Amino acid sequence: MASLTSALAGKTINVAAGLVFRQQKLLITQRPSGKHLAGLWEFPGGKCEPDETFEQCVVRELNEELCIEVRVVKCFEEVTHDYIERIVRLKFYLCRLVNGEPQMIGCSALKWATKENLVKHAFPPADEKLLRRLVDTPSLWL
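Let us look at the structure shown here. The structure presented is a predicted model; accordingly, all values stated were derived computationally and were not measured.

The rules behind each value
- Residues numbered from 1 in each chain as written.
- Predicted model: local features only at pLDDT ≥ 70, side-chain atom pairs only at ≥ 80, totals over all residues.
- Heavy atoms only, no water.
- Core = buried A, V, L, I, M, F, W, Y, C linked by side-chain atoms within 4.5 Å.
- Buried < 20%, exposed > 50% of the residue type's maximum accessible area, 1.4 Å probe, protein only.
- Helix = DSSP H or I, 4+ residues; strand = E, 2+ residues; numbered from the N terminus.
- Contact = heavy atoms within 4.5 Å.
- 1 Å grid on protein atoms, 1.4 Å probe; cavity = no way out; pocket = protein on both sides within 12 Å on 5 of 7 lines; lining within 4 Å.
- Points joined across faces, edges and corners; volume = space filled by probe spheres on them.
- Nonpolar A, V, L, I, M, F, W, Y, C, P; charged D, E, K, R; others polar.
- Polar contact = N/O pair within 3.5 Å; in protein donor to acceptor, adjacent residues only side chain to side chain.
- Salt bridge = Lys/Arg side-chain N within 4 Å of Asp/Glu carboxyl O.

### Let's talk about the nonpolar core
By size, the foremost hydrophobic cluster in this structure holds 25 residues, and its most contacted members are Leu19, Phe21, Leu26, Phe43, Phe92, Leu118 and Leu134. At the level of elements, β1 (12-22), β2 (25-30), β5 (69-82), β6 (87-99), β7 (109-113) and α3 (128-135) are the ones that each hand at least two residues to this core. The residues touching Leu26, leaving out its near neighbours within four places in the chain, are Leu19, Val20, Phe21, Phe43, Lys111, Trp112, Ala113, Leu118, Leu134 and Trp141. Of all hydrophobic cores here, the second largest spans 15 residues; its members include Leu27, Phe54, Tyr93 and Cys107.

### A closer look at the layout of surface pockets
In this structure, the largest pocket spans a volume of roughly 520 Å³. Taken together, 24 residues form the lining of the largest pocket, with Val15, Arg31, Glu42, Gly46 and Lys47 sitting closest to its centre. Taken together, the elements giving at least two residues each to the lining of the largest pocket come down to β1, β4 (45-47), α2 (54-66) and β6. Split into classes, the residues belonging to the lining of the largest pocket amount to 12 nonpolar, four polar and eight charged. Taken as a whole, the second largest pocket spans an internal volume of roughly 170 Å³. Looking at the second largest pocket, the residues that line it are Leu19, Phe21, Val73, Leu94, Cys95, Arg96, Ser139, Leu140 and Leu142.

### Regarding the side chain of Glu52
With respect to the helices and strands, the residue Glu52 is situated in the loop between β4 and α2. The class of Glu52 is buried, set by a relative accessible area of 17%. For Glu52, the side chain forms a polar contact with the main-chain nitrogen of Glu49, separated by 2.8 Å. Those residues within four positions of Glu52 in sequence are excluded, and the remaining contacts are Lys47, Cys57 and Arg60.

### Thoughts on the pattern of salt bridges
One pass over the structure, following the stated rule, counts 11 salt bridges. Close ionic contact of Glu49 with Arg60 constitutes a salt bridge, the shortest N to O distance being 3.9 Å. Separated by 11 residues along the polypeptide, Glu49 in the loop between β4 and α2 and Arg60 in helix α2 bring together distant segments of the chain. With relative accessibility at 44%, the residue Glu49 sits in the partly exposed group. Between Arg60 and Glu64 there is a salt bridge, with its nearest N and O atoms 3.1 Å apart. With Arg60 and Glu64 both in helix α2, this residue pair falls four residues apart, about one helical turn. Overall, Glu64 belongs to the partly exposed group, its relative accessible area being 45%. Shared partners join several salt bridges into a network, and the residues in it are Glu49, Glu52, Arg60, Glu61 and Glu64.

Here's what the structure looks like:
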C-alpha cells in the first residue's frame, strides 16, 4: 500500500505568482467566488501547465488574468504548503511591469497595497511566511 506522502505527491500543484511593485505599492488580487480559497487576497499567478517552467507560468498567468506583460526579475520565495486536499508548491517571483494596466479578468478585485496595509488583507495560509518577509524587506518598497 502506498504511503500517504507518495499518494499526495500525485496531488502536488505547482503554482507561480508575481510580486509586482509600482510606486511603493504591491499588486494583489482577490480570488473569485467558486474557486478554492474564494474571497481571500493573493499575489496574481496560477498553476503551471505541463512542461512549463515557473517563470513561463507567471508571465502567462499575469497576461491571461490581468492583461499585463511582466518580466521576471528573480525568485523571491518558495513555499510548499499542505492543504487537506492537496499540496501546493508556490514560487513567488519579483516581476517588472513592462506593459499594460492591470484589469480584473481572472479575479474579483485588485488593488495596489502599501507595506502598511498589506497584512490587513486576508491571505491563504500558504502566504504567511512570504507576507512576513515582504513587510520585513524595506528595500522592496522603495
